[in-house]
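The chain contents come next:
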Amino acid sequence: MSTAMNFSTKSFTPRPPDKGAFPLDHLGECSAFKERFMECLRHSGYESAACRQSAMAYLECRMDRRVGQLMANEPLEKLGFKDLINEKSEEKPEKS
């Protein structure tokens, strides 16, 4: 009796995950944003809620760097920053 399996019948094509993981920033395009975020975490006792502005800036950097395909464009509202976006728009004076 043969127990060998034929693995050549099906082809598996891997695809990246939709969300939750993205390529490493090998070229360091967003390292300054990452460092600001990490510094904020250290100063806040690793309380991530205190560093949401830095986190949002880091993710914006990753989405803006399309050359390295660091992260697909995604509305910041869907990434949990809706309240910070509303604060930004309220800070801007209206043009008359």
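These figures come from a predicted structure and were not determined experimentally.

Enquirer: Even after reading the chapter, I still don't get the pattern of salt bridges, so can you show me in this structure?
Expert: Opposite charge on two side chains permits pairing when their charged atoms draw close. Across all of its chains, the model carries three salt bridges by this definition. R42 serves as the salt-bridge partner of E39, at 3.2 Å between the closest nitrogen and oxygen. Separated by three residues within a single helix, E39 and R42 lie in helix α1 (residues 31-43), roughly one turn from each other. Its relative accessible area of 34% is what places E39 among the partly exposed residues.

Enquirer: Mind showing me how you'd approach the environment of L76 here?
Expert: Structurally, the position occupied by L76 is in the loop between α2 (52-64) and α3 (82-91). With a relative accessible area of 11%, L76 lands in the buried category. For the pair L76 and M56, spaced 20 residues apart in the sequence, the C-alpha separation amounts to 7.7 Å. Not counting the four nearest positions on each side in its chain, L76 is found in contact with M56, E60, M63, F81, K82 and I85.

Enquirer: What should I look at first to understand the nonpolar core in this one?
Expert: Side chains of a nonpolar character, in soluble globular proteins, are inclined to be buried together. Of all hydrophobic cores here, the largest spans 15 residues; its most connected members are C30, F37, M56, L59, L76 and F81. When contributions to this core are tallied by element, the ones reaching two or more residues are α1 and α2. Broken down by element, this core gets its largest block of residues, six residues, from α2. If sequence neighbours within four positions are ignored, F37 has contacts with C51, S54 and A55.

Basis of the calculations
Residues numbered from 1 in each chain as written. Predicted model: local features only at pLDDT ≥ 70, side-chain atom pairs only at ≥ 80, totals over all residues. Heavy atoms only, no water. Salt bridge = Lys/Arg side-chain N within 4 Å of Asp/Glu carboxyl O. Helix = DSSP H or I, 4+ residues; strand = E, 2+ residues; numbered from the N terminus. Buried < 20%, exposed > 50% of the residue type's maximum accessible area, 1.4 Å probe, protein only. Contact = heavy atoms within 4.5 Å. Core = buried A, V, L, I, M, F, W, Y, C linked by side-chain atoms within 4.5 Å.

Honestly, that's just the spatial picture; any functional story needs more than this.
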